[in-house]
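Residues per chain, in single letters:
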Amino acid sequence: MATTTESPTAGRSLPQPSDLLLVQRGASPYKATAEQLKSYMLSPATAAVIGAIKPGTNLSVDADGTLHAAISGALTYRGAIDPTTTAAPAGAAVGDVYLASSSGLALASWSGIAGQDIAQGDLLLFDGSSWSANAALGPDGAGVIRIQVATPLAIDESDPAQPLLSIKPASTSAAGVLRLAAAEDLTAGTEGAAVDAAALKEAMATAQPLGDYMPLDISSLPALPA
């Protein structure tokens with residue numbers, strides 16, 4: 001017996017703008033033509049209007065709608081590491097950057113800088129096959145690698161990722177930071193406490209109140225020449 005399969009759309013024409021769509025909710029029917037429905041379809045987004053977008057350069061979308069961005073040249077800071085005692089990270093990815101936590105010769109596992117003298121605070125960049133020191137800053141070396149200070153500034157680099165700056169106290173022989181003296185500092189002669197105009201005025205008023213003058217007996221003074 002011969003059988004035939006008929007397409008569900010056989011004998012039907014393609015949708016036309018005048019086609020009518022009817023939807024009923026309860027006792028209330030709603031109708032609209034295909035042309036009218038078209039205006040409700042998602043249109044391309046603009047700078048001022050929300051709408052549909054499609055992936056462009058360096059963008060991709062998974063089947064579940066997850067959007068990914070592949071940014072060429074992006075760097076990812078991974079924290080501090082000691083290349084003189086710790087092997088290079090086995091799972092390093094392109095663009096990973098580490099901060100050298102100590103100085104010395106890099107271990108053999110650090111391809112590209114193995115045996116190289118690394119300074120504390122150097123940036124270690126992985127390009128996918130080898131490591132380089134400070135290359136993350138570009139060929140012109142722009143950027144901050146290490147903070148160098150001069151007296152009276154001091155720096156604590158026990159944590160290279162977060163160096164701590166401080167100012168040494170001033171003395172009679174060296175510049176430094178001072179604090180303003182309080183009344184008790186004037187009495188005690190506290191070292192490193194500076195006297196400003198207000199403190200000086202207060203001290204003078206305490207020592208000799210306004211209007212309270214020291215009596216002076218001029219009878220014992222020699223007479224003025226005639």
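Criteria and cut-off values
- Residues numbered from 1 in each chain as written.
- Predicted model: local features only at pLDDT ≥ 70, side-chain atom pairs only at ≥ 80, totals over all residues.
- Heavy atoms only, no water.
- Helix = DSSP H or I, 4+ residues; strand = E, 2+ residues; numbered from the N terminus.
- Buried < 20%, exposed > 50% of the residue type's maximum accessible area, 1.4 Å probe, protein only.
- Contact = heavy atoms within 4.5 Å.
- Areas by Shrake-Rupley, 256 points an atom, 1.4 Å probe, with all protein chains shown as cover.
- Phe/Tyr/Trp six-rings, centres within 6.5 Å; stacked < 30°, edge-to-face > 60°.
- Salt bridge = Lys/Arg side-chain N within 4 Å of Asp/Glu carboxyl O.
- Pairing = 2+ DSSP bridges.
- Core = buried A, V, L, I, M, F, W, Y, C linked by side-chain atoms within 4.5 Å.
- pLDDT = per-residue confidence, 0-100.
- Axes fitted to C-alpha atoms, helices over the stretch in contact; angles between N-to-C directions.
- Polar contact = N/O pair within 3.5 Å; in protein donor to acceptor, adjacent residues only side chain to side chain.

### Here we look at the overall build of the protein
(1) Moving on: A count of helical and extended segments in the protein gives 3 helices and 14 strands.
(2) Moving on: Burial status across the protein gives 15% buried among its 226 residues.
(3) Moving on: In the protein, of all internal contacts separated by at least 6 residues, the share reaching a separation of at least 24 is 19%.
(4) Moving on: Accessible area for the protein stands at about 17,400 Å²; split by element, carbon and sulfur atoms hold 60% of it.

### Some details on the packing of aromatic side chains
(1) Moving on: Enumeration according to the criterion identifies 3 aromatic pairs in this entry.
(2) Moving on: Centroid distance Phe-126 to Trp-131: 4.9 Å. Interplanar angle 40°. Geometry classified as tilted. No difference in accessibility class separates Phe-126 from Trp-131, as the two residues are buried.
(3) Moving on: Grouped by ring-pair contacts, the aromatic residues Tyr-98, Trp-110, Phe-126 and Trp-131 constitute a single cluster.

### A short note on the pattern of salt bridges
(1) Moving on: Applying the stated criterion across every chain, the model contains 2 salt bridges.
(2) Moving on: The closest approach of N and O atoms between Asp-96 and Arg-78, which form a salt bridge, is 3.0 Å. Separated by 18 residues along the polypeptide, Asp-96 in strand E6 (residues 96-100) and Arg-78 in strand E5 (residues 76-81) bring together distant segments of the chain.
(3) Moving on: Judged by relative accessible area, Asp-96 falls into the buried class, the value being 4%.
(4) Moving on: Note on Arg-78: relative accessible area 47%, which makes it partly exposed.
(5) Moving on: Asp-185 is the salt-bridge partner of Arg-179, the closest N and O atoms lying 3.0 Å from each other.
(6) Moving on: We classify Arg-179 as partly exposed; its relative accessible area is 44%.

### What to know about the pairing of E6
(1) Moving on: For E6, the buried fraction is high: 5 of the 5 residues fall into the buried class.
(2) Moving on: Bridging between E5 and E6 involves 5 bridges; their strand directions are parallel. What sits directly across from Gly-79, in E6, is Tyr-98.
(3) Moving on: Bridging between E6 and strand E9 (residues 123-126) involves 3 bridges; their strand directions are antiparallel. For Val-97, the partnering residue across the bridge sits in E9 and is Leu-125.

### Side note on the nonpolar core
(1) Moving on: Listed in full, the 12 residues of the largest apolar core are Ile-81, Ala-88, Ala-92, Tyr-98, Ala-100, Ala-106, Trp-110, Ile-113, Ile-118, Leu-124, Phe-126 and Trp-131.
(2) Moving on: Contributing elements (two or more residues each) for this core: E6 and E9.
(3) Moving on: Not counting residues up to four positions away in its chain, the partners in contact with Leu-124 are Ile-81, Pro-83, Asp-96, Val-97, Tyr-98, Ala-100, Trp-110, Ile-113, Ile-118, Trp-131, Ser-132 and Ala-133.

### Quick word on the confidence of the model for the protein
(1) Moving on: Considering every residue of the protein, the mean pLDDT works out to 78; 78% of them sit at 70 or more.
(2) Moving on: Mean pLDDT in the protein bottoms out at helix H1 (residues 34-38), which sits at 72, and peaks at strand E7 (residues 104-105), which reaches 94.

### Notes on the sheet that holds E9
(1) Moving on: Here 4 strands make up an open sheet; going across it, the order is E5-E6-E9-E10 and the pairing mixed. If you trace the sheet from one side to the other, it starts and ends with E5 and strand E10 (131-133), each paired once. If you compare each strand with its neighbour and ignore which way they point, the axes differ by 25° on average.
(2) Moving on: Examined bridge by bridge, E9 and E10 share 3 bridges and lie antiparallel to one another. When the sheet's bridge partners are listed, Leu-124 is paired in E10 with Ala-133.

### Observations concerning the side chain of Asp-96
(1) Moving on: Polar side-chain contacts of Asp-96 include one of 3.0 Å to the side chain of Arg-78.
(2) Moving on: Within the structure, the side chain of Asp-96 is placed 2.8 Å from the backbone nitrogen of Ala-93, a separation counted as a polar contact.
(3) Moving on: In contact with Asp-96, other than residues within four places in its own chain, are Thr-76, Arg-78, Leu-124, Leu-125, Phe-126 and Trp-131.

### Some points on the pairing of strand E1 (residues 20-25)
(1) Moving on: With respect to burial, E1 is a largely exposed element, only 0 of its 6 residues being buried.
(2) Moving on: Of the strand pairs in this sheet, E1 and strand E2 (residues 28-33) are connected by 6 bridges, and their pairing is antiparallel. From the neighbouring strand, Leu-22 faces E2, where its bridge partner is Lys-31.
(3) Moving on: Once E1 ends, the chain turns through 2 residues before running back antiparallel as E2, passing Gly-26 with a positive phi of about 65°.

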